[in-house]
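Here is what each chain is made of, one letter per residue.
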Amino acid sequence: MGNKAFPLNAEIVVSAFMVAFAAAQVYAANQLSLSADYTLGPGALPMIYSVGLLICSAAVLFESVRQGGSDGVGEKNSMRGVLCILLLVLFVASIYVVGFLFSTIVFCFLFCQFFSGLGLVKNIAFSVIWGAALYAAFHYLLEVPLEPGLLFS
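Since we're looking at a predicted model, the values are computed, not measured. (Residues numbered from 1 in each chain as written. Predicted model: local features only at pLDDT ≥ 70, side-chain atom pairs only at ≥ 80, totals over all residues. Heavy atoms only, no water.)

The next thing to look at is the side chain of Ser127. Relative to the elements of secondary structure, Ser127 occurs in helix H5 (residues 120-141). A distance of 2.9 Å separates the side chain of Ser127 from the backbone nitrogen of Phe109, its partner in a polar contact. (Helix = DSSP H or I, 4+ residues; strand = E, 2+ residues; numbered from the N terminus. Polar contact = N/O pair within 3.5 Å; in protein donor to acceptor, adjacent residues only side chain to side chain.)

Structure representation (structure tokens):
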């Protein structure tokens, strides 16, 4: 895929994307207040997560570049990383259309199908239980209104 001087593989591309994404999140979190009246401000937690993501993704990028090529294992894991990112984008995009509950169940099912060794029935059961539990926790316990979606509103 790349030349011998700088072999470019999927692991390097994905980790470079994550470094750029984390840097953008650090910049966005920096726009919010980090502290407010003896407590953490609205930007504190996003900043902590963003810096952690930046450090971890930079370490993966450094290690990928240092190793140079790919033995096949890193390439397979990188493709799984790309698939995970695509599933997350699909999940976020579908929340507005079909709502939080349905999107969560479908995302969880697809994620389990691609990344777990469980069978179809167990994946369906887990996805429905997990989606219902998240919905109940947000809607009833935390009283946070969730997006019903354009199709169900």
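Now that the structure has been shown, the text picks up again.
For the pair helix H1 (residues 10-30) and helix H2 (residues 44-67), interaxial distance at closest approach is 8 Å and the crossing angle is 155°. One way to sum up the angle between H1 and H2 is to call them roughly antiparallel. The way H1 lies across H2 gives a crossing that is left-handed. Within the contact of H1 with H2, the residues separate by chemical class into 18 nonpolar, six polar and one charged. (Axes fitted to C-alpha atoms, helices over the stretch in contact; angles between N-to-C directions. Parallel < 35°, antiparallel > 145°, perpendicular 65-115°, else oblique. Left-handed = near helix turned anticlockwise from the far one by under 90°. Nonpolar A, V, L, I, M, F, W, Y, C, P; charged D, E, K, R; others polar.)

For the rest of this paragraph, the subject is the packing of helix H4 (residues 100-115) against H5. Relative to each other, H4 and H5 sit at 145°, their axes nearing to 8 Å. Read as a crossing pair, H4 and H5 show a hand that is right-handed. Side by side, H4 and H5 meet where Phe100, Leu101, Thr104, Ile105, Cys108, Phe109, Cys112 and Gln113 of the first sit next to Leu120, Asn123, Ile124, Phe126, Ser127, Val128, Trp130, Gly131, Ala132, Leu134 and Tyr135 of the second. (Contact = heavy atoms within 4.5 Å.)

It is worth spelling out the state of the cysteines at this point. Within the structure shown, the criterion is met by zero disulfides. Looking at Cys112, it has no disulfide partner, and the nearest cysteine sulfur is the one in Cys108, 4.2 Å off. (Disulfide = S-S within 2.5 Å.)

As a further point, take the pattern of salt bridges. Tallied over the full model, the rule gives one salt bridge. Across the pair Arg66 and Glu63 runs a salt bridge whose closest N-O atoms are separated by 2.5 Å. Pair noted here: Arg66 and Glu63 are both in helix H2, with a separation of three residues, about one helical turn. Under the relative-accessibility criterion, Arg66 is labelled exposed at 54%. (Salt bridge = Lys/Arg side-chain N within 4 Å of Asp/Glu carboxyl O. Buried < 20%, exposed > 50% of the residue type's maximum accessible area, 1.4 Å probe, protein only.)

Keep in mind these numbers describe shape, not what the thing actually does.
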